[in-house]
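Structural overview for review
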Amino acid sequence: MIKRIVRAVRLLIRDGGLPRWLRGLAAVGLAPIPGPFDEVVLLVVAAILWLGYRERLRAAWRDAGSSTTRA
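Another point: the packing of aromatic side chains. Counted under the stated rule, the structure contains zero aromatic pairs. The ring of W50 is capped by R54, whose NZ or CZ atom sits 4.2 Å from the centre of that ring.

Rendered as structure tokens:
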């Protein structure tokens, strides 16, 4: 489950249709920063994606799942 989430977020970071600031926040959320800071950033990014980019989020989740079954 965690691997699929990370894969989906990485797919969204590479997506050219998202604003640069949102991709930057997602990259900060994926960084191995000690403490809860990166997790909080990922939650904020997830909320923004859920509210404004729901179709892209679904597509990334589906693509991340299909890459899991292929591996």
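Back to the text.
This part covers the packing of helix α1 (residues 2-14) against helix α2 (residues 20-30). Put simply, α1 and α2 touch, their axes get as near as 9 Å, and they point 150° apart. Note that α1 runs across α2; the crossing there is left-handed. Residues V6, V9, R10, L12 and I13 of α1 lie in contact with α2, whose contacting residues are R23, A26, A27 and L30. Classifying every residue of the contact of α1 with α2 gives seven nonpolar, no polar and two charged.

Right, let's get into the layout of surface pockets. Volume-wise, the largest pocket comes out at about 230 Å³. Considering the residues around the largest pocket, the lining is formed by I5, A8, V9, L12, E39, L42, L43, V45, A46, L49, L57 and W61. Ranked by residues supplied to the lining of the largest pocket, first place goes to helix α3 (residues 37-52) with six residues. For the lining of the largest pocket, a count of residues per class yields eleven nonpolar, no polar and one charged.

What counts as what
Each chain carries its own residue numbering, running from 1 in the direction its sequence is written. Residues qualify for local features only when their pLDDT is at least 70, as the model is predicted, and side-chain atom pairs are given and counted only at 80 or more; totals for whole chains, interfaces and linings, by contrast, use all residues. To get the side-chain values, all heavy atoms of the structure are used, and hydrogens and water are removed first. Between rings of Phe, Tyr and Trp, where Trp is taken as its six-membered ring, a pair exists when centres lie within 6.5 Å; planes separated by under 30 degrees are stacked, by over 60 edge-to-face, and by other angles tilted. The criterion for a charge sitting over a ring is simple: Lys NZ or Arg CZ within 6 Å of the ring centre, and within 35 degrees of the ring normal. As a rule, the C-alpha atoms of each element are fitted with a line to give its axis, helices using only the stretch in contact, and angles between N-to-C directions run from 0 to 180 degrees. Under the scheme used here, helices are H or I runs from DSSP no shorter than 4 residues and strands are E runs no shorter than 2 residues, and both carry numbers assigned from the N terminus. Crossing handedness: left-handed means the near helix sits turned counterclockwise from the far one by under a right angle, and right-handed means the same turn made clockwise. Contacts are residue-level and defined by heavy atoms, with any inter-residue pair within 4.5 Å sufficient. Side-chain classes are defined by residue name, with Ala, Val, Leu, Ile, Met, Phe, Trp, Tyr, Cys and Pro counting as nonpolar, Asp, Glu, Lys and Arg as charged, and the others, Gly among them, as polar. Grid points spaced at 1 Å over the protein atoms alone were grouped into cavities, where a 1.4 Å probe fits but cannot get out, and pockets, open sets with protein on both sides within 12 Å along at least five of seven lines, with lining residues defined by an atom within 4 Å of a point. Grid points are joined across faces, edges and corners, and a volume is the space filled by probe spheres set on the points.

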